[in-house]
Amino acid sequence: MNIIIARNKAEFDKAAAAVISRQIKKKPDSVLGLATGSTPMGMYSELARMYEKGELDFSKVITFNLDEYIGLHRSHPQSYCYFMHENLFDKINIKEENVNLLDGGASDSQGECEEYEKKIKAVGGIDLQVLGMGHNGHLGFNEPKTPFESITGLVDLTPGTIKANSRFFESVAEVPRRAMSMGMKTILHAKSILFIVSGSEKAEVVAKALKGPVTPEIPASVLQLHPFITVVLDEEAAKYL
Ligand code: GLP
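Cut-offs applied
- Residues numbered from 1 in each chain as written.
- Predicted model: local features only at pLDDT ≥ 70, side-chain atom pairs only at ≥ 80, totals over all residues.
- Heavy atoms only, no water.
- Phe/Tyr/Trp six-rings, centres within 6.5 Å; stacked < 30°, edge-to-face > 60°.
- Helix = DSSP H or I, 4+ residues; strand = E, 2+ residues; numbered from the N terminus.
- Buried < 20%, exposed > 50% of the residue type's maximum accessible area, 1.4 Å probe, protein only.
- Pairing = 2+ DSSP bridges.
- Contact = heavy atoms within 4.5 Å.
- Axes fitted to C-alpha atoms, helices over the stretch in contact; angles between N-to-C directions.
- Polar contact = N/O pair within 3.5 Å; in protein donor to acceptor, adjacent residues only side chain to side chain.
- Near = heavy atom within 4 Å.
- Areas by Shrake-Rupley, 256 points an atom, 1.4 Å probe, with all protein chains shown as cover.
- Salt bridge = Lys/Arg side-chain N within 4 Å of Asp/Glu carboxyl O.

A.B. asks: Is there a simple way to explain the packing of aromatic side chains in this structure?
C.D. replies: When we look at a pair of aromatic rings, we describe it by the centre distance and by the angle of the planes. Counted by the stated rule, this structure contains five aromatic pairs. Look at Phe64 and Tyr116: their rings are 5.4 Å apart centre to centre, the planes differ by 75°, and that puts the pair in the edge-to-face class. Placement of Phe64 in strand β3 (residues 62-65) and of Tyr116 in helix α4 (residues 109-122) is noted, with a sequence separation of 52 residues between them. The two residues Phe64 and Tyr116 agree in class, both being buried. When the centroid spacing of 5.3 Å and the interplanar angle of 50° are considered together, the rings of Tyr69 and Phe141 count as tilted. Remark: Phe141 occurs in the loop between β6 (128-131) and β7 (153-156) and Tyr69 occurs in strand β4 (residues 67-69); sequence separation between them is 72 residues.

A.B. asks: Looking at this structure, how should I read the sheet that holds strand β1 (residues 2-6)?
C.D. replies: Adjacent strands of a sheet pair through backbone hydrogen bonds, lying either parallel or antiparallel. On the basis of which strands lie adjacent, the open sheet formed by seven strands has the order β1-β10-β9-β6-β2-β3-β5 and parallel pairing. Of all the strands in the sheet, just β1 and β5 (99-100) have a single pairing partner and so form its edges. With two bridges connecting them, β3 and β5 associate as parallel partners. Its bridge partner lying in β5, Phe64 is registered against Asn100. In the packing of helix α1 (residues 9-26) onto the sheet, contacts are made with β1, β2 (31-34), β6, β9 (192-197) and β10 (229-234), and the angle to β9 comes to roughly 170°. The strands touched by α4 are β3 and β5; relative to β3, the strand with the most contacts, the crossing angle is about 150°.

A.B. asks: Teacher, can you tell me more about the side chain of Ser79 here?
C.D. replies: Its place among the elements puts Ser79 in the loop between β4 and α3 (80-87). Look at Ser79 and you get buried, because its relative accessible area is 0%. Polar side-chain contacts of Ser79 include one of 3.0 Å to the backbone nitrogen of Tyr82. Apart from the residues lying within four places of it in its own chain, the contact partners of Ser79 are Glu68, Leu72, His73 and Arg74.

A.B. asks: What's the story with the site of the ligand in this structure? I'm lost.
C.D. replies: Taken together, the neighbourhood of the ligand is formed by 14 residues, with Ser38, Thr39, Asp67, Arg167 and Lys202 sitting nearest. In this structure, an oxygen atom belonging to the ligand sits 2.4 Å away from a side-chain N or O atom of Thr39. A distance of 3.1 Å separates a nitrogen atom of the ligand from a polar backbone atom of Gly140. Alone, the ligand offers 390 Å² of accessible surface; in the complex the protein occludes 96% of this.

A.B. asks: Hey, could you run me through the pattern of salt bridges in this one?
C.D. replies: Side-chain pairs of opposite charge can arise where the charged atoms are in close proximity. In total, this model carries eleven salt bridges according to the counting rule given. In this structure, Glu46 engages Lys14 in a salt bridge whose closest nitrogen and oxygen atoms are separated by 3.6 Å. Taken together, the positions of Glu46 in helix α2 (residues 41-52) and Lys14 in helix α1 put the pair 32 residues apart, joining distant regions of the chain. Among the salt bridges present, the one from Arg178 reaches Asp156, with a minimum N-O distance of 3.2 Å. Linking Arg178 in strand β8 (residues 178-181) with Asp156 in strand β7, this pair joins segments that are 22 residues apart in sequence. Overall, the relative accessible area of 38% leaves Arg178 in the partly exposed class.

What follows is the structure in C-alpha cells.
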C-alpha cells in the first residue's frame, strides 16, 4: 500500500490527479471507476485543467461511476450523473458513449444493476477505481455489514449517511433512502485502486480502515486486501495513522 500524505489541499488534489493521469498515459483506453462527493472535486478540477493544457486526452477513456441515488432523474442537480457532468465530463473530451452511470430513474433498478455489472465485465474490468469514503467507512454506498462478496445492487442508506449527505439537499427529507451501488466484490476486482480521504472528522475511521481488522463493519478495511492501492490523505485524515 502506497500512502501519500499531502500537506495542503492543492497537493492533495494534484497527487490524486497524478495517479489518474499516469494511468491514462500508460493506457489511453483505460477503464476508470469514478467516485462523487466533495473529496474528489478538486482532483476533477485538476484533471480538467490538465486536459485544457493539452496534457491529457480522454478520447478513449471509459468510465463507470460507483453509485447513484434511486429516484433522482439524471437531470436532478443532486444526482451523481449531474455531479459528474458538472465537475468533469463537460470539461474534457470524453465521449458520451464511453460514460457509464447507473440510472437513478430506471424503472427496473435491479435489472439496471445487473446490466451494469455485465457491462463492466464486457470491457475487461476496471483498470483504476477511485474511491472516497463515508464517515462510517462506506465505499460507494456499501454501508457497514455489506458482505465483501456483494456485486452491484440496491442498498438502503443508513440514517447517518442520509444525514451526512443532506448537506447537499434542501432538507433531510429530500435525501433518497435507497441507492444503487457497485458491490464490494466489484470494487475489489478493479486492477488498481486510488483511495482518497481528507479531513479530521474521518481520521478515526481512516485508521480503522487502513490499520484495523479487515471487517464488513468498516467496509473500507477490505482495501487492505488489495495488492495495488494508492492512498492519498491530507494531514488531518492521517493524524491517527
Ligand atoms: C457518498 C458517496 C461516496 C463518497 C462519500 C463521501 O456517500 N456515495 O462514494 O465516498 O459520499 O463523500 P465526501 O467526499 O463528500 O465526504
